[in-house]
Structures are given as C-alpha cells and as structure tokens.
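Residues per chain are reported as follows:
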Amino acid sequence: MIRKELVAASAEPLILALLAKGESYGYAIIQEVKARSDGKLQWTDGMLYPVLHRMEHRGLIKSRWGESETGRKRKYYSLKKDGKTAMAKHHEQWSLVHSVLAGLQKEQYV
Amino acid sequence: MSDLEQSIAQWRQRMLAAGIKTPVPLEELESHLREEIERQIKSGLSLSEQEAFEFSVQRIGQPKVLKREFKKINAPMDIQKIIKLAGIIAVAVSIFCPLFIFLSMLLDHRVSSLPKMLAVAVYATTVATIVFSWKYNHKLLPAIRNQLLRRAVGIVCYGGCLLWIRFGIFHFPPGGLHGGIVLPLFIFGSEWTVMAVFGSIGHGLEKAASKKTEPADLLAGQS
C-alpha cells in the first residue's frame, strides 16, 4: 500500500491528468485510479468530493450536472485552462523527482 | 419502497442531520453510493443488497467527517465573497469618482487641449493600474496560511483605504484642477490608484491563500 502522504500529494495531478482525457465524474475517477494502480492507490471515496470542490473553487476544473446511461443524475467534471497549466506544472515537478530518483538508483548498481 | 431505497433514504437523513447540504453535495454523494452498491452487487461476491449498501456507506465515510471537510472548503469562500465585495466597492469608487472630476475638466471649454490629453492619460494609467492590481496582485502577495492574520491584514488595508478617502483625497489638489495642472493631476491620479491597490489587498491575500493551498491533503485524511 502506498503511504498516505504520497496518496495526498499525487491526488491533484492524477485528477487533472484523468480529466485531461475528457470529462468524468467522482465515481469513475476513483475506479480508474484504482484500476490503473492495481488497487494500490486507495482513496477514501467520500473525501474525493471535497477535493474536487476545492479544485473547482480554485478555478482548475468546472462541473455540470448530467445524466448517466441509466438516467441517474451525475455531476461531471472537466478541466479548465488554469487546470491545464497546473497539470503541466505538476508533470514537470513529478518528472524531475522521478529522474533524480531513477538516476540515483542507477548509480547504486554501477 | 424497497428495503434498499428505505436504507438510502435513512442514509440521506443522517447526512442531512449532520449538515451535508442538498442538492450539492448530497446528490453527488448519493449518486456515488448507488453506483458503488450496484458494483458490489455485480461483483460476484454474492452480497445481498443490504450488505452491499452497508459496505458502500462505509466507503463513503462518516457524515460528520464529510461535513467537516466540506465546511473547510465552503467557510473561507463565504468570507472570501464578503472580502471580494468590499474590494470591488473600493475599486469601483476609485475608478468612477476620479472619472467625474476628469470628465468635468474635459468638458470645460476654459481648459486647453494639452491638460485635457494629460488628464485622459492619467486616468487611463490609473484605471490600468487598478485593473492590473485587482487581477494579478495575488501573484505578488504571500500566501498567509494563518486565517486570522490574513483577515487582519486585509481589514487593516481596507481601513487604510477608507482613511485615505476621508483625509487625503477630498483635500486635494489645492486650488482645483484648473490652475497649475500637471503635478496636481498626477498626484490626484496616483492617490486614487494607491487607494484602490490598498483596497484590493484583502481580496488578493484571500486569492493567494486559496490558489497556493493544496486541496489534495484532504483525500488522504491529512487535513
């Protein structure tokens, strides 16, 4: 299982990256993160919504009410311009951390 | 009403009692709950509707905890709106009040065209500075995480802005704008600009704090 601190730090970039593929809703976001991490990234379901709402307040994402295939009400989220900028920034920072870490690991085996 | 619908209705009541508002976010949470119940039932674990419901409710979380997290987001925003409104008033006053003075000058046939052009330039600079400050000052301002301190700084700035109006602006320029014009005009324009910049600091601080606060800590329960 991944540490809580890392789960928290990676939430925003993951949500932004998922929404960059197209609009989505809370439940689907949780399921996709779970599937892509083989269940290792476990989010507390209900707590996703305060995070989404906060991101919406910050102008990173926007939402609209729609309907599911079965006619159930659903709130869809999509990326805003500021969200795209934030995602690029996250990507740059995470890539840097990854490259430093990978470089150090490589040196250990030389 | 089926047992499942009854259980969901009771869950909604518990959420409402804890202070979770409807339609947002309660409808959204209910939609999530129903999807999770459906998935649990179809998962092949042979869960009954009631078991799937209880499991899904657990995954959603306790109403009080949820309420606390939503409150953290909404409460500062409500106060933010008040602060924003105060800022808008300060900015509007600092844009419109000088406009009347400048307009009266522009329409005065005794004033030659050079001072008139100067007045337009000063006013345009004043408005541009005010708009720029309102829109971008949060990028220059620090993110004060201590809410009390942040609000106190904002209020002090509004106070300064009001004092500026009371003791500064209405006493200037001596002799009006029709005599020796260049210096009084610039000072007059810059006075309103300083006032508006002061007035928009409270809003800028709120925006800076909001933009630079990571929301993701909530997800892993690190609020």
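Residues numbered from 1 in each chain as written. Chains lettered and ligands numbered in written order. Predicted model: local features only at pLDDT ≥ 70, side-chain atom pairs only at ≥ 80, totals over all residues.

If you tally the helices and strands in chain A, you get four helices and three strands. Counting every position in chain A, which comprises 110 residues, the buried fraction comes to 33%. In chain A, of all internal contacts separated by at least 6 residues, the share reaching a separation of at least 24 is 49%. (Helix = DSSP H or I, 4+ residues; strand = E, 2+ residues; numbered from the N terminus. Buried ≥ 20, exposed ≤ 12 C-beta atoms within 10 Å, placed from the backbone. Contact = placed C-beta atoms within 7 Å.)

Turning next to the overall build of chain B. Along its length, chain B carries eight helices and zero strands. Helices and strands appear in chain B in the N-to-C order α-α-α-α-α-α-α-α. A burial count over chain B gives 31% of its 223 residues as buried. Look at the contacts in chain B between residues 6 or more apart in sequence, and 75% of them connect residues 24 or more apart.

With that out of the way, let us pick up the environment of Lys-21 of chain A. All names here are of chain A. Along the chain, the position of Lys-21 falls in the loop between α1 (4-20) and β1 (24-25). For Lys-21, a count of 9 C-beta atoms within 10 Å puts it in the exposed group. Counting along the chain gives 58 residues from Lys-21 to Leu-79, while the straight-line C-alpha distance between them is 9.2 Å.

So, on to the packing of helix α2 (residues 26-36) of chain A against helix α3 (residues 48-57) of chain A. All names here are of chain A. At a minimum axis distance of 10 Å, the contact between α2 and α3 shows a crossing angle of 110 degrees. The pairing of α2 with α3 is recorded here as roughly perpendicular in orientation. α3 is crossed by α2, and the crossing has right-handed handedness. Where α2 approaches α3, its residues Gly-26, Ile-29 and Ile-30 are matched on the opposing element by Leu-48, Tyr-49 and Leu-52. (Axes fitted to C-alpha atoms, helices over the stretch in contact; angles between N-to-C directions. Parallel < 35°, antiparallel > 145°, perpendicular 65-115°, else oblique. Left-handed = near helix turned anticlockwise from the far one by under 90°.)

Below, the discussion takes up helix α1 (residues 3-18) of chain B. For α1 of chain B, spanning 16 residues, the distance from its first C-alpha to its last is 23 Å, which sits close to the expected 22 Å at 1.5 Å a residue. Immediately beyond the C-terminal end of α1 of chain B, within one or two residues, lies Gly-19 of chain B, with a positive phi of roughly 105 degrees. (Expected span 1.5 Å × (residues − 1).)

Take Lys-139 of chain B: it is sitting in helix α5 (residues 113-140). For the pair Lys-139 of chain B and Gly-204 of chain B, spaced 65 residues apart in sequence, the C-alpha separation works out to 8.2 Å.

What follows deals with unusual backbone geometry. Although it is not a glycine, Asp-38 of chain A adopts a positive phi angle of roughly 55 degrees. Mapped onto the elements, Asp-38 of chain A comes out in the loop between α2 and α3.

Residues and elements named next belong to chain A. When β1 meets strand β3 (residues 73-79), the two strands line up antiparallel, connected through two bridges. Within the sheet, the bridge partner assigned to Tyr-25 lies in β3 and is Tyr-76. Here strand β2 (residues 61-67) folds back onto β3, and the loop between the two strands holds five residues, one of which, Gly-71, carries a positive phi near 90 degrees. (Pairing = 2+ DSSP bridges.)

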